[in-house]
Amino acid sequence: MFEEPEWAEAAPVVAGLSPVISRPRPAAPSQVKGAKRRKLLATLQALEAASLSQQPPSLTGSDSEEEEEERKKKPPKKASFTSASAAVGEKRKKKCQKQDQEVERKKCCQQIILGSGCAKEEKKKRKCQKQVSSNSAQHLENVDQTGHKACESTCKSSATKDPPKPSPGSSSCNPPHVLSRKQWRNRQKNKRRHKNKFRPPPAPDPVPVRASTEETEVPPASKPDSPEARAEALRARMAQRLDGARFRYLNEQLYTSPSSAAQRLFQEDPEAFFLYHRGFQGQVKKWPLQPVDRIAKDLRQRPASLVVADFGCGDCRLASSIRNHVHCFDLASLDPRVTVCDMAQVPLEDESVDVAVFCLSLMGTNIRDFLEEANRVLKPGGLLKVAEVSSRFEDVRTFLGAVTKLSFKVISKDLTNSHFFLFDFEKTGPPRVGPKAQLSGLKLQPCLYKRR
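Every chain is numbered on its own, with residues counted from 1 as its sequence reads. Only residues with pLDDT of at least 70 get local features here, since the model is predicted, and only at 80 or more are side-chain atom pairs given and counted; chain-wide, interface and lining totals rely on the full set of residues. The side-chain quantities take in all heavy atoms of the structure and omit both hydrogens and water.

As for empty space enclosed by the protein
Phase 1: Only protein atoms enter the 1 Å grid used here. Points where a 1.4 Å probe fits but cannot escape make up a cavity, open sets with protein on both sides within 12 Å along at least five of seven lines make up a pocket, and a residue lines them when an atom lies within 4 Å of a point. Grid points are joined across faces, edges and corners, and a volume is the space filled by probe spheres set on the points. Scanning the model with the defined rule gives two cavities of 30 Å³ or more in all.
Phase 2: Volume-wise, the largest cavity comes out at about 500 Å³.
Phase 3: What lines the largest cavity is a set of 32 residues, and nearest its centre among them are Phe280, Gly312, Gly314, Cys359 and Leu360.
Phase 4: Secondary structure elements follow DSSP: runs of H or I no shorter than four residues count as helices, runs of E no shorter than two count as strands, and numbering proceeds from the N terminus. Secondary structure elements with two or more residues in the lining of the largest cavity: α8 (259–268), α9 (270–284), α10 (291–300), α11 (317–321) and β4 (353–359).
Phase 5: Element by element, the count of residues in the lining of the largest cavity is highest for α9, at six residues.

Side note on helix α13 (residues 396–404)
The periodicity of an α-helix, 3.6 residues per turn, causes residues three or four places apart in sequence to face the same way.
Phase 1: The set of residues buried in α13 consists of Val396, Phe399, Leu400, Ala402 and Val403. Buried positions in α13, seen along its axis, are confined to an arc of 160° and lie on one side of it.
Phase 2: Contacts: residue pairs with any heavy atoms within 4.5 Å of one another. Turning to α13, the residues buried within the fold contact α12 (367–377), β6 (408–414) and β7 (420–427).
Phase 3: Definition of a polar contact: a pair of N or O atoms within 3.5 Å, with one able to donate and the other able to accept a hydrogen when the atoms are protein atoms, and with sequence-neighbouring residues admitted only if both atoms are side-chain atoms. Two to three positions downstream of the cap, the backbone nitrogen of Arg397 sits 3.2 Å from a side-chain oxygen, assigning the N-cap of α13 to Asp395. Whether a residue is buried, partly exposed or exposed follows from its accessible area with a 1.4 Å probe, protein chains only, as a fraction of its type maximum: under 20%, in between, or over 50%, in that order. The arc under discussion is defined with respect to the helix axis, by the directions toward the C-beta atoms.

Some thoughts on the sheet that holds β4
Phase 1: Spatially, β3-β2-β1-β4-β5-β7-β6 is the arrangement adopted by the seven strands of the open sheet, whose pairing is mixed. With partners counted over all chains shown, the strands left at the sheet margins are β3 (338–340) and β6, one partner each. Adjacent strand axes in the sheet meet at a mean angle of 20° when their direction is disregarded.
Phase 2: Each axis is a line fitted through C-alpha atoms, taken for helices only over the stretch in contact, and angles between the N-to-C directions span 0 to 180 degrees. Relative to the sheet, α12 contacts β1 (307–311), β4, β5 (378–389), β6 and β7, its axis offset from that of β5 by approximately 150°. When DSSP finds at least two bridges between two strands, those strands are taken to pair.

Side note on the pattern of salt bridges
Phase 1: Should a side-chain nitrogen of Lys or Arg be within 4 Å of a carboxyl oxygen of Asp or Glu, the pair is scored as a salt bridge. Throughout the structure, instances matching the rule amount to eleven salt bridges.
Phase 2: Among the salt bridges present, the one from Arg376 reaches Asp350, with a minimum N-O distance of 2.4 Å. Of the two residues, Arg376 is situated in helix α12 and Asp350 in the loop between β3 and β4; the sequence distance between them amounts to 26 residues.
Phase 3: Between Arg376 and Glu373 there is a salt bridge, with its nearest N and O atoms 2.5 Å apart. Residue Arg376 and its partner Glu373 are both found in helix α12; the two are separated by three residues, about one turn of the helix.
Phase 4: Judged by its relative accessible area of 9%, Glu373 falls in the buried class.

A word on a positive patch on the surface
Phase 1: Think of a patch as exposed residues, more than 30% relative accessible area, with no salt bridge, where like charges cluster within 9 Å and nonpolar side chains (Val, Leu, Ile, Met, Phe, Trp, Tyr) cluster within 5 Å. Per-residue accessibility takes into account occlusion by the displayed protein chains alone, with areas from the Shrake-Rupley method and a 1.4 Å probe. Residues scored as charged are limited to Lys and Arg (positive) and Asp and Glu (negative), so that His and the chain ends carry no count. In this description, the location of a charge corresponds to atom NZ of lysine, CZ of arginine, CG of aspartate or CD of glutamate. Taken together, Lys91, Arg92, Lys94, Lys95 and Lys98 make up a surface patch of like positive charges.
Phase 2: The residue Lys91 is located in helix α3 (residues 60–131) in this model.
Phase 3: Assessed through its relative accessible area of 59%, Lys91 is described here as exposed.

Let's talk about α12
Phase 1: Among the eleven residues in α12, eight count as buried, and that is most of the element.
Phase 2: Of all the residues in α12, the buried ones are Ile367, Arg368, Phe370, Leu371, Glu373, Ala374, Asn375 and Val377.

What to know about the packing of aromatic side chains
The relative placement of two aromatic rings is captured by the distance of their centres and the angle of their planes.
Phase 1: Under the pairing criterion, centres of Phe, Tyr and Trp rings, with the six-membered ring standing for Trp, must be within 6.5 Å; the plane angle then separates stacked pairs below 30 degrees from edge-to-face pairs above 60, leaving the rest tilted. One pass over the structure, following the stated rule, counts twelve aromatic pairs.
Phase 2: Judged by centre distance (5.1 Å) and plane angle (80°), the ring pair of Phe266 and Phe273 falls under edge-to-face.
Phase 3: Both rings, one in Trp287 and one in Phe420, keep their centres 6.1 Å apart while their planes meet at 20°; by these two values the pair is stacked. Pair noted here: Trp287 is in the loop between α9 and α10 and Phe420 is in strand β7, with a separation of 133 residues, a long-range link. Comparing Trp287 with Phe420, the two get one shared label, buried.

Digging into the side chain of Lys385
Phase 1: Topologically, Lys385 is positioned in strand β5.
Phase 2: Residue class for Lys385 comes out buried when judged on its relative accessible area of 3%.
Phase 3: A polar side-chain atom of Lys385 sits 2.9 Å from a polar atom in the side chain of Asp424.
Phase 4: Apart from residues no more than four positions distant in its own chain, Lys385 is found in contact with Ile295, Asp298, Leu299, Val355, Ala356, Val357, Phe358, Phe423 and Asp424.

Some details on the confidence of the model for the protein chain
Low-pLDDT stretches of the model should not have their predicted coordinates read in fine detail.
Phase 1: Per-residue confidence from the predictor is reported as pLDDT, which spans 0 to 100. In the predicted model, the protein chain carries a mean pLDDT of 75, and the fraction of residues at 70 or more is 63%.
Phase 2: Contacts of residues 57–63 to residues separated by more than four positions or lying in other chains number three contacts, the stretch itself having pLDDT below 50.
Phase 3: Within the model, the stretch residues 206–219 combines pLDDT values under 50 with 29 contacts to residues more than four positions away or in other chains.

A closer look at unusual backbone geometry
Phase 1: Even without being a glycine, Cys316 presents a positive backbone phi close to 60°.
Phase 2: Residue placement: Cys316 occurs in the loop between β1 and α11.
Phase 3: The exposure class of Cys316 is buried, given its relative accessible area of 0%.
Phase 4: Non-glycine residue Ser407 carries a positive phi angle of around 65°.
Phase 5: Its location among the elements puts Ser407 in the loop between α13 and β6.
Phase 6: Classification of Ser407 by relative accessible area gives buried; the value is 2%.

Details of the pairing of β5
Phase 1: For β5, the buried fraction is high: nine of the twelve residues fall into the buried class.
Phase 2: In this structure, β4 lies alongside β5, joined through six bridges in parallel fashion. When the bridges of β5 are listed, Val353 appears paired with Leu378.
Phase 3: Taking the sense of rotation as the criterion, the β-α-β connection linking β4, α12 and β5 turns out right-handed.
Phase 4: Here seven bridges tie β5 to β7, and the two strands are oriented antiparallel to one another. Within the sheet, the bridge partner assigned to Leu384 lies in β7 and is Phe425. Clockwise travel from the first strand over the helix to the second, with the strands pointing away from the viewer, marks a crossover as right-handed.

Things to note about the packing of helix α7 (residues 227–256) against α9
Phase 1: Contact geometry of α7 with α9 gives a least axis separation of 9 Å together with a crossing angle of 95°. In this view, α7 runs roughly perpendicular relative to α9, as classed from their interaxial angle. Contacts from Asp243, Arg246, Phe247, Leu250, Asn251 and Leu254 in α7 reach Ala272, Leu275, Tyr276, Gly279, Phe280 and Gln283 in α9.
Phase 2: When the residues that make up the contact of α7 with α9 are grouped by side-chain class, the tally is seven nonpolar, three polar and two charged. Orientation labels follow simple angle bins: below 35 degrees gives roughly parallel, above 145 gives roughly antiparallel, 65 to 115 gives roughly perpendicular, and whatever is left gives oblique. Just so you know the grouping, Ala, Val, Leu, Ile, Met, Phe, Trp, Tyr, Cys and Pro go in nonpolar, Asp, Glu, Lys and Arg go in charged, and all remaining residues, Gly too, go in polar.

Here it is in structure tokens:
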């Protein structure tokens, strides 16, 4: 029926709202009511304008005033719409801020976790650096200092700027630990020791007859973990234990039986003497000083023309250490210079020797026979040298008193050594006591070795 004027179509555009027909959208019920009301107002205004055109011009002013009042009413509606949109925007901003804060908290937690992971990785790397040593000391000393400076500068610049997000694969820019020359040498020594622990034992040289029982022959093993190598090692240990047991048995027989019985024992089993001598040398090697070396040192200070008789010579070490002529006596022979005999009856003439030596050889239960035989072969004023294990003496004074009754005078004694005692006697004449007289001071304790 009626045609709408142009300003009625433009009214929704001016008010900042899209036409209802062209852009339909879900709106609040208040907004829908406003749009209908504006439509009705627009139609009413059109009708009024049509009616006013027929009325006198005096009424136009009132019409314009009504339009102005309506226009004044429209801005508050626009303001209310803008305020609502502003409130919605503020809510959205608050939600975004909350989300940002939660994201930042998650990032901080990740950084802390990754930081602990990086610290663990750094510890692992340091351990690896300690285990892995450089091939030469020059490579360790000539470290590129410019590289360290550049790394330090980059670290400083990165510290001043915002720290980047740590990643699990990345590591901190720490310069490698540089070893000094002394530290490098110590590390190389420790490596060699560690390698030598797991190396198979080298092939031992052929052991001579005079070697100790501890140094038994062990065949080389190409594969230390093979059953053959284990069997050979076990066999060697068992053989060593067996030799040690036989040595202890022979040692006990020599100390608890007379010299004649010991001589028969070694005549029946010649290998027994070799075994005993190996074990004896193994025990004496552990001492800080061997008594035979001390006796040889004293005799080298005397004239080379003196004749020496070595009772219980063993391997003739004393005869090889001095220039004097030496008569060597023992129960079995380990050297061509040895005369095999009982030391209580040596094949020498009376008063034919200047020095008589008993170096760890006062063994057996007939020690008195040995000293009387030494008195027989010594010249008047001759020298008797005795070296014996310190643990065998219960009372040194009683021993010295018993020896003086066999016409020996004490010249010197050395009790400072922890393993053996040294005595020097001078012959004053024939024995002053008869063969039936008892000398309790000559009974020494047997030197027995404990089982290990």
